[in-house]
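Architecture and fold: a report
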Amino acid sequence: AASDVYKRQVPIVGLDGVTFAYGGEAGREPVLEDVSFEVRPGDFVGLIGPNGGGKTTLLKVILGMLEPDAGTVAVLGRRPRDVSRFVGYVPQTSQIDPQAPATVLDVVLTGRLGARRWGFRYAARDVVLAKEAMGQVGVADLASRRIGELSGGQRQRVLIARALAAEARILLLDEPMAGVDLHMERGILDTLRDLLERMPIVLVSHDVGFVSAHVQRVACLNRRLSMHAPGEITRQVIADMYRDAGPVQELGHDPSCPFSLEHAHDTPTAHDTRDAAP
């Protein structure tokens, strides 16, 4: 079972020599090329890279939504499609319709759909697991609130709770700090650190300084992938990763700026600035 794999300390996710090109046509330039990548229990991995560098494609491969053209993929020791319900995917808050007439509990319960057949009502256990998940991320008191009434940070917590309700063994988060203020960002980080005791986390971000300050390992992806310790993210590593993305702008915070304490920007911060002036 999935939990047994987790306890044996084998990779939760293992990619070996994965190559993928959309359309599958021979001669097409791959989006992912010879990517080898592991996530083990307790890992907190930051995934960074330019737009179009393959970050979303890599997540879809792990989720079993895309089949690689070459190489192998294993999640919890099995094919991704066979265990997709154990992979918690947390999209950006912008993908939630704030006008949806759904409560927080309604949204979190949708995480149980993968464990049930369509057309069946939620069982008592589904509700119990949903409420437990909401408690774990600090939104239990919001159960009856409409999703559109929440702040960006609260919605992100709800999405994390939805993944937990599905009994996830790993969390994939796509830009979880987008659109949240500093206070909410700190709260989400505290939640993620608590969750690391139960499952590994892969966090996608464009903010190199933020990632370098908080994760254990950094995966730099621009078609090819290289792994680094946070302290190894130098200007040269960033320049190599963004070499095809156009001009790259380095941003920093004055030491007196409160954000500098949170983001620890003594490492470079890179953003995709193809539309910006050099």
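For the structure, see preceding data.
This section reports on the structure supplied with the text. (Residues numbered from 1 in each chain as written. Predicted model: local features only at pLDDT ≥ 70, side-chain atom pairs only at ≥ 80, totals over all residues. Heavy atoms only, no water.)

1. Re helix H4 (residues 124–136)
It helps to recall that an α-helix has 3.6 residues per turn; residues three or four apart then point in one direction. With 13 residues, H4 should cover 18 Å at 1.5 Å per step; its first-to-last C-alpha distance of 19 Å lies within 8% of that length. Residues Asp126, Leu129, Ala130, Ala133 and Met134 constitute the buried set of H4. Looking straight down H4, one finds its buried side chains confined to an arc of 140°; they lie on one side. Packed against the buried residues of H4 are helix H3 (104–109) and helix H5 (152–165). Where H4 terminates, the next one or two residues include glycine 138, which has phi positive at roughly 80°. (Helix = DSSP H or I, 4+ residues; strand = E, 2+ residues; numbered from the N terminus. Expected span 1.5 Å × (residues − 1). Buried < 20%, exposed > 50% of the residue type's maximum accessible area, 1.4 Å probe, protein only. Arc of directions from axis to C-beta. Contact = heavy atoms within 4.5 Å.)

2. Structural notes on the sheet that holds strand S1 (residues 13–20)
Ordered by their spatial adjacency, three strands build an open sheet running S2-S1-S4, and the pairing between neighbours is antiparallel. The sheet is open, and its two edges are formed by strand S2 (32–39) and strand S4 (70–75), each paired on a single side. Taken pair by pair, the neighbouring strands of this sheet meet at an average axis angle of 15°, ignoring direction. Pairing between S1 and S4: five bridges, direction antiparallel. Counted as the bridge partner of glycine 14 is alanine 74 from S4. (Pairing = 2+ DSSP bridges. Axes fitted to C-alpha atoms, helices over the stretch in contact; angles between N-to-C directions.)

3. Some thoughts on the nonpolar core
Core analysis: the largest hydrophobic core is formed by 50 residues, its most contacted members being Val108, Val158, Ile160, Leu171, Leu192 and Ile201. Per element, the largest residue contribution to this core is seven residues, and it comes from H5. Contact partners of leucine 192, with chain neighbours within four places excluded, come to Phe44, Ile160, Leu173, Met177, Ile201 and Leu203. Of all hydrophobic cores here, the second largest spans 30 residues; its members include Leu32, Ile170, Ala219 and Leu221. (Core = buried A, V, L, I, M, F, W, Y, C linked by side-chain atoms within 4.5 Å.)

4. What about helix H6 (residues 182–195)?
Counted at 1.5 Å a residue, the expected span for H6 with its 14 residues is 20 Å, and the 20 Å between its end C-alpha atoms agrees. Those residues of H6 that sit buried are Leu182, Met184, Glu185, Gly187, Ile188, Leu189, Thr191, Leu192 and Leu195.

5. Considerations on the packing of aromatic side chains
Evaluation of the coordinates by the stated rule reveals one aromatic pair. An angle of 90° between the planes, with centres 4.8 Å apart, marks the rings of phenylalanine 20 and tyrosine 22 as edge-to-face. On the basis of relative accessible area, tyrosine 22 is assigned to the partly exposed category, the value being 35%. (Phe/Tyr/Trp six-rings, centres within 6.5 Å; stacked < 30°, edge-to-face > 60°.)

6. A look at the pattern of salt bridges
Counted under the stated rule, the structure contains 13 salt bridges. Of the charged contacts in the structure, one is a salt bridge between arginine 217 and aspartate 43, with a shortest N-O distance of 2.7 Å. Placement of the pair is arginine 217 in strand S8 (residues 217–222) and aspartate 43 in the loop between S2 and strand S3 (44–48), with a sequence separation of 174 residues. Classification of aspartate 43 by relative accessible area gives buried; the value is 12%. Between arginine 112 and aspartate 126 there is a salt bridge, with the nearest N and O atoms lying 2.8 Å from each other. Of the two residues, arginine 112 sits in the loop between H3 and H4 while aspartate 126 sits in helix H4, which places them 14 residues apart along the sequence. On the accessibility criterion, arginine 112 (3% relative accessible area) is buried. Counted as one network, the salt bridges with shared partners bring together Arg85, Arg112, Arg125, Asp126 and Glu167. (Salt bridge = Lys/Arg side-chain N within 4 Å of Asp/Glu carboxyl O.)

7. A word on the sheet that holds strand S6 (residues 170–174)
What links the strands of a sheet is backbone hydrogen bonding, and the strands pair in either a parallel or an antiparallel sense. Taken together, the six strands give an open sheet; going across it, the order is S5-S6-S7-S3-S8-S9, and neighbouring strands pair in mixed fashion. Looking along the sheet, the strands with just one partner apiece sit at the ends: strand S5 (87–90) and strand S9 (224–228). Within the sheet, the average angular offset between the axes of one strand and its neighbour, ignoring direction, is 20°. The sheet contact formed by S3 and S8 spans four bridges and is parallel. Residue pairing across strands places isoleucine 48 opposite cysteine 220, the latter belonging to S8. Together, S5 and S6 form the strand contacts of H5, whose direction differs from that of S5 by roughly 165°.

8. What to know about the side chain of lysine 55
Of note, lysine 55 is situated in helix H2 (residues 55–63). Put simply, lysine 55 is tucked away with no salt bridge, and the nearest opposite charge, on glutamate 175, sits 6.2 Å away. Contact partners of lysine 55, with chain neighbours within four places excluded, come to Leu47, Ile48, Gly49, Pro50, Val204, His206 and Leu221. (Lys, Arg positive; Asp, Glu negative; His and termini not counted.)

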